[in-house]
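Next come the chains, spelled out residue by residue.
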Amino acid sequence: MLRRWSSPRLAGPGQAQVNPLCLDSSGLPCDGRLRLLSFNIQVGISTERYHHYLTRSWQHLLPHTGRARNLQRIGELLGNYDLVALQEADGGSLRSGYINQVEHLAQLGAFPYWYQQLNRNLGRFAQHSNGVLSRLEPQGLEDHPLPGPSGRGAILLRFGQGENALVVVVMHLALGGGARTRQLAYIRELIGGYHHQILMGDMNTHASDLLENSPLRDLGLQAPQIEATFPSWRPQRCLDHILLSPSLTLERVDVLAQATSDHLPVAVEIRLPDALHDADALPVPTVGT
């Protein structure tokens, strides 16, 4: 059943969904590396030229046979990663054939855990969502509507306990600078008590703005990705980011030439500190049958 709201959304705890088809696939890589991907999937629409925004605009409202093939390609890509942040996913409406795209991609990529955040509910016509796919079970998950115009949200995940916990925030920020500043100030408050931090998503601005002029500027975050991600067919703007705290060691960063959306996906591989990789600090429970 499609969800509708009769009152404003409130921040609160969430619960990761378990993928029953992937009961044996959870686990942290034994070498302490974590592979991250952030991708604005544009509800599975393949946009390859500016004029496609007009000629394919109907696909934002109605189903299309090519969407399933496009999602299959995206799912094959996502399967190479441990933690994936999705933006502009559909939670199951007419245009997606009533398929929850976050759940569907969790199945295609064989992820044991997933979560869909519904940010703009247009009933049967559209279910605008963010999503998370994970091979690690989060020990905490929070769903946060962001300040500013309605329809923007952030998902906070916590892996591990105490001072060695890893906090990850998945977000899709506003287009306007003022609203984006308020949203980043809110996120800054959420993560201020954590030492190990990862911020992932479509942030709709460049890294220099995030690191030098935003409420995040005092955290010492790294922005390893500087290649343009938008538009995917002729990248000119770097809008999609994975920001890392200094405690996390960068091993690799790539902008992937995957033209299945109007954004290109960003991939980062990091090495976790020994304290985080310790079994007591970052447990990986076995999902029971």
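This text follows the structure it describes.
Residues numbered from 1 in each chain as written. Predicted model: local features only at pLDDT ≥ 70, side-chain atom pairs only at ≥ 80, totals over all residues. Heavy atoms only, no water.

(A) Examining the overall build of the protein chain more closely. Broken down by element type, the protein chain carries six helices and 13 strands. When the 289 residues of the protein chain are sorted by exposure, 55% land in the buried category. Partitioning the contacts of the protein chain with sequence separation of at least 6, the portion at a separation of at least 24 is 70%. With the model as given, the accessible surface of the protein chain reaches about 12,500 Å², and the carbon-plus-sulfur share is 51%. (Helix = DSSP H or I, 4+ residues; strand = E, 2+ residues; numbered from the N terminus. Buried < 20%, exposed > 50% of the residue type's maximum accessible area, 1.4 Å probe, protein only. Contact = heavy atoms within 4.5 Å. Areas by Shrake-Rupley, 256 points an atom, 1.4 Å probe, with all protein chains shown as cover.)

(B) Structural detail: the sheet that holds strand β3 (residues 33-40). Spatially, the seven strands line up as an open sheet ordered β2-β5-β6-β4-β3-β13-β12, and their pairing is mixed. In the strand order of this sheet, the two ends are held by β2 (17-18) and β12 (249-255), each with one partner. When strand β4 (residues 83-90) meets strand β6 (residues 127-134), the two strands line up antiparallel, connected through six bridges. Each residue of the ladder has a partner; that of Val84, found in β6, is Leu133. (Pairing = 2+ DSSP bridges.)

(C) Main features of the nonpolar core. Residues Leu36, Leu166, Ile198 and Ile270 are the most contacted members of the largest nonpolar core, which totals 28 residues. Counting residues per element, the ones that place at least two in this core are β3, β4, β5 (113-121), β8 (153-159), β9 (166-172), β10 (196-202), β11 (240-244) and β13 (266-271). Dropping the residues within four chain positions of it, Ile270 is found in contact with Gly32, Arg33, Leu34, Leu36, Ile198, Leu244, Leu248, Thr249, Leu250 and Glu251. Formed by 20 residues, the second largest nonpolar core is a distinct cluster that contains Leu146, Leu173, Ile187 and Leu190. (Core = buried A, V, L, I, M, F, W, Y, C linked by side-chain atoms within 4.5 Å.)

(D) Region of interest: helix α4 (residues 177-191). In a regular helix each residue adds 1.5 Å, so 15 residues correspond to 21 Å; α4 covers 21 Å between its end C-alpha atoms and thus fits that length. Along α4, the residues that are buried comprise Ala179, Arg180, Gln183, Leu184, Ile187, Arg188, Leu190 and Ile191. Considering only its buried residues, α4 is in contact with β7 (140-145), β8, β9, β10 and α5 (207-212). (Expected span 1.5 Å × (residues − 1).)

(E) Geometry of the sheet that holds β10. Across the sheet, which stays open at both edges, the six strands sit in the order β1-β7-β8-β9-β10-β11 with mixed pairing between neighbours. The open sheet has two edge strands, β1 (12-13) and β11, and neither has a second partner. Packed onto the sheet, α4 meets β7, β8, β9 and β10 and runs at close to 165° relative to β9. (Axes fitted to C-alpha atoms, helices over the stretch in contact; angles between N-to-C directions.)

(F) Focus on unusual backbone geometry. Cis geometry is adopted by the peptide bond preceding Pro231, which originates at Phe230 and carries an omega value of -10°. Turning to its location among the elements, Pro231 is positioned in the loop between α5 and β11. Of note in this structure, Tyr98 is not a glycine but carries a positive phi near 60°. Tracing the chain through its elements places Tyr98 in the loop between β4 and α3 (101-108).

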